[in-house]
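An overview of the molecular structure
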Amino acid sequence: MAQRVEAAERLLDLVIALTHTRRWMTKQEIRTRVNGYADATSDAAFERMFERDKDLLREMGVPLVVEHDPVHEDDVGYRVDAAGYTLPEVAFTPAEVGVLSLAAELWQDASLRSSARRGVTKLRAVGPAPEPEAHAGLALRVRGPEAAFAPLLEAIDTRRAVTFTYLAASTGQVARRTVQPWRLLSQDRGWYLVGHDVDRGAPRAFRLSRIRGRVRATGAPEAFEVPDDVDVGALLARARPQEGTARVALLPGRASALRARGRTVPAAGPGLTAAQRAWAEAERSARRAGAVAPKG
């Protein structure tokens, strides 16, 4: 069985094909020649896939042009206006390349690190590279999306339902969920899935960090449509943990950053040993588990 083409790869191949076509390409030519459209299981599935791709390209600023044959007006074709899509010559100062190189160092997640490094390599090809010691002493980190991100994005593109095991924030219960995925959003330093919970018969939002195990696609592709009137803000508000106060015990001389941000008091309580009384207790507001956990 041929491996399915990712949506991003299909879009890139579509842009390349429509940019380099001598005249224009009809829908049939696009379906047979552009990598990825052979995955459509029917004419209707291809139409929905192509319409989504056209809308996305226009949102990205790609000048997609629709052409009509002057003799046979029913013959419709598509091309990219190369003159309106050509970028000017790219040039960066050493300082700008240095800032972009530092930004690339943020992404340490395995799925994003290679892409960031490839981007910096291409930038250095058109401008001077920063000095090796330019980033000395800096260790910036941004955690990438969870492992569930890629299969959910694939399911959104193919309009397939998914099943996964989920730890509910409100009850702490772990249960199997079946969801028609609509959108992926980032908020409050976390990723959320918004979709239709099939078992509960209502829209829901799920934090990806609470998904346990693998996300599995179920059912046939193109099985549902995404509604236009989704109140994403209300769904995310329900999914986010409520603001509260966390109180943790700190060893002497440890967690200096947490001591600076929170309110620290001597450890107290009946039955504490002399060593435990040397600890301190820090309080600070937190929305999520682990928000006050010191590293190391």
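Predicted, not measured: the structure shown is a model, and the values here were computed from it.

Bringing the side chain of threonine 163 into the picture now. Structurally, the position occupied by threonine 163 is in strand β3 (residues 161–167). According to the relative accessible area criterion, threonine 163 is buried, its value standing at 12%. Polar contacts involving the side chain of threonine 163 include one to the side chain of arginine 176, which spans 3.5 Å. What threonine 163 contacts, discounting residues up to four positions off in sequence, is Arg176, Arg177, Thr178, Arg214, Val215, Arg216 and Thr218.

Attention now goes to the nonpolar core. In a soluble, globular protein the nonpolar side chains are often hidden away together inside. Within the largest apolar cluster, 18 residues are counted, with the highest numbers of intra-cluster contacts made by Leu14, Leu18, Ile30, Val34, Tyr37, Phe50 and Leu57. Counting only elements with at least two residues in this core, the list comes to α1 (7–20), α3 (43–59) and β2 (76–80). Among the elements that take part in this core, α3 stands out by supplying 5 residues, more than any other. With residues up to four places along the chain from it excluded, the contact list for tyrosine 37 reads Arg10, Leu14, Ile30, Arg31, Phe46, Met49, Phe50 and Asp53. Counting residues in each nonpolar core, the second largest holds 15 residues, with Ala155, Ile156, Leu208 and Ile211 among its members.

As paired elements, β3 and strand β4 (residues 174–187) share 6 bridges and run antiparallel to each other. Residue pairing in the sheet places threonine 165 in a bridge with arginine 176 of β4. In this structure, the hairpin formed by β3 and β4 is closed by a connection of 6 residues, where glycine 172 is found at a positive phi of approximately 75°. Hairpin connection between β4 and strand β5 (residues 190–197): a loop of 2 residues separates the two successive antiparallel strands, and aspartate 188 in this loop has a positive phi of roughly 55°.

Here we take up the sheet that holds β4. Spatial ordering of the open sheet is given by β6-β5-β4-β3-β7, a layout of 5 strands whose pairing is antiparallel. With partners counted over all chains shown, the strands left at the sheet margins are β6 (202–207) and β7 (211–218), one partner each. Averaged over neighbouring strand pairs, the angle between their axes works out to 45° when direction is ignored. On the sheet, helix α7 (residues 149–158) packs against β3, β4, β5 and β7 and is oriented at approximately 80° with respect to β4.

In this section: unusual backbone geometry. Leaving glycine out, the prevailing phi sign among residues is negative, and the prevailing peptide bond configuration is trans. At arginine 159, a position not held by glycine, the phi torsion is positive, near 55°. For glutamate 222, which is not a glycine, the phi torsion comes out positive at approximately 55°. With respect to the helices, strands and loops of the structure, glutamate 222 is situated in the loop between β7 and α8 (232–239).

Moving on, we get to the confidence of the model for the protein. Here the protein averages 75 in pLDDT, while 61% of its residues score no lower than 70. A low-confidence stretch, residues 132–138 stays under pLDDT 50, and its non-local contacts, those more than four residues away or across chains, total 5 contacts. This model gives residues 288–296 a pLDDT under 50, and the stretch forms 13 contacts once residues within four places in sequence are excluded.

Turning our attention to the packing of aromatic side chains. Scanning the entire structure with this criterion turns up 8 aromatic pairs. For the ring pair phenylalanine 50 and tyrosine 78, a centre distance of 5.2 Å and an interplane angle of 80° mean the geometry is edge-to-face. Of this pair, phenylalanine 50 sits in helix α3 while tyrosine 78 sits in strand β2, and the two are 28 residues apart along the sequence. Residue classification places phenylalanine 50 among the buried positions, given a relative accessible area of 1%. Ring plane angle 70° and centroid distance 6.2 Å describe the contact between phenylalanine 164 and tyrosine 166, whose orientation is recorded as edge-to-face. Neither residue differs from the other here; phenylalanine 164 and tyrosine 166 are each classed as buried. In textbook terms, an aromatic cluster arises when at least three aromatic residues are bridged by ring pairs, as seen for Tyr37, Phe46, Phe50 and Tyr78. It is arginine 10 that lies over the ring of tyrosine 37; its NZ or CZ is 5.6 Å from the centre. Cation over ring: arginine 23 sits above tryptophan 24, and NZ or CZ is 3.9 Å from the ring centre.

Rules used throughout
Sequence positions are assigned chain by chain, starting from 1 and proceeding in written order. Local features are withheld for residues below a pLDDT of 70 in this predicted model, meaning they are given only at 70 or higher, and side-chain atom pairs are given and counted only at 80 or more; totals for whole chains, interfaces and linings count all residues. Computation of side-chain values covers all heavy atoms of the structure but excludes hydrogens and water. In DSSP terms, a helix is any run of H or I states spanning at least four residues, a strand is any run of E spanning at least two, and both are numbered starting from the N terminus. Burial classes follow relative accessibility: with a 1.4 Å probe on protein chains only, a residue under 20% of its type's maximum area counts as buried, one over 50% as exposed, and anything between as partly exposed. Polar contact is defined as a pair of N or O atoms within 3.5 Å, subject to the rule that within protein one atom must be able to donate a hydrogen and the other to accept it, and that residues adjacent in sequence are counted only when both atoms are side-chain atoms. Contact definition: two residues touch when any of their heavy atoms are within 4.5 Å. For the purposes of this section, nonpolar cores are sets of buried Ala, Val, Leu, Ile, Met, Phe, Trp, Tyr and Cys residues that join through side-chain atoms within 4.5 Å. Note on pairing: two strands pair once DSSP finds at least 2 bridges between them. A fitted line through C-alpha atoms represents every axis, and for helices the fit uses only the stretch in contact; the resulting angles, taken between N-to-C directions, go from 0 to 180 degrees. For every residue, the predictor reports its confidence as pLDDT, a number between 0 and 100. Centre distance within 6.5 Å is the pairing criterion for rings of Phe, Tyr and Trp, where only the six-membered ring of Trp is used; planes under 30 degrees apart are then read as stacked, over 60 as edge-to-face, and the remainder as tilted. We call a charge positioned above a ring when the Lys NZ or Arg CZ atom is no farther than 6 Å from the ring centre and deviates by at most 35 degrees from the ring normal.

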